[in-house]
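# Overview (structure and organization)
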Amino acid sequence: QVELVESGGELVQAGGSLRLSCTASASVDWFIINIAGWYRQTPGQQRELVGTVTSGGRENYKDSLKGRFTISKDHAKNTWYLQMNSLKPEDTGVYYCNADIWTPATGSRDYWGQGTRVTVSS
């Protein structure tokens, strides 16, 4: 059983910064995070990709977020972060972490966090 736990969402003023965290844990001796990423769902919109990072460090971001949002990883803690700078009211939404994780028991599967709410006030 793999679980992703997110934290960091809160109310922030426009122009401010926020860092979200997501930690993966599993009831196995070891597992591999192949791809870690973040998605978001803003009001009235479908869930969309924010960005991903592979185990090899290759990053991919939604074009409109490049330069403001950055994903980083702490391999030792099985944790990845979403650093969000110069936040805008339109960044308001629920942010979900996502990962493709391999375990000896299940092989590679896709997992989601529970979501954390980010509100950017104008």
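So, here's what we can say about the structure. The structure presented is a predicted model; accordingly, all values stated were derived computationally and were not measured.

## Re the overall build of the protein
Across its full length, the protein carries zero helices and 11 strands. Going from N to C terminus, the protein has its helices and strands arranged as β-β-β-β-β-β-β-β-β-β-β. Taken against the 2.2 N^0.38 rule, which gives 14 Å for 122 residues, the C-alpha radius of gyration of the protein at 14 Å falls within 12% of a compact globule. Its C-alpha atoms give the protein principal-axis dimensions of roughly 45 × 25 × 25 Å. The buried share of the protein, taken over its 122 residues, is 41%. A separation threshold of at least 6 residues defines the contact pool for the protein, and within that pool the share at least 24 residues apart is 54%. For the protein, the accessible area works out to roughly 6500 Å², and carbon and sulfur atoms hold 45% of it. Of the side chains in the protein, 12 bear a positive and 12 a negative charge, and the two mean positions are spaced by 4 Å.

## Quick word on the side chain of aspartate 91
Note on placement: aspartate 91 falls in the loop between strand E8 (79–84) and strand E9 (93–103). Classification of aspartate 91 by relative accessible area gives buried; the value is 1%. A distance of 2.9 Å separates polar atoms of two side chains, one belonging to aspartate 91 and the other to arginine 40. Not counting residues up to four positions away in its chain, the partners in contact with aspartate 91 are Arg40, Leu65, Arg68, Phe69, Ser86, Val118 and Val120.

Calculation criteria
- Residues numbered from 1 in each chain as written.
- Predicted model: local features only at pLDDT ≥ 70, side-chain atom pairs only at ≥ 80, totals over all residues.
- Heavy atoms only, no water.
- Helix = DSSP H or I, 4+ residues; strand = E, 2+ residues; numbered from the N terminus.
- Rg over C-alpha atoms; globule rule 2.2 N^0.38 Å.
- Buried < 20%, exposed > 50% of the residue type's maximum accessible area, 1.4 Å probe, protein only.
- Contact = heavy atoms within 4.5 Å.
- Areas by Shrake-Rupley, 256 points an atom, 1.4 Å probe, with all protein chains shown as cover.
- Lys, Arg positive; Asp, Glu negative; His and termini not counted.
- Charge placed at Lys NZ, Arg CZ, Asp CG, Glu CD.
- Polar contact = N/O pair within 3.5 Å; in protein donor to acceptor, adjacent residues only side chain to side chain.

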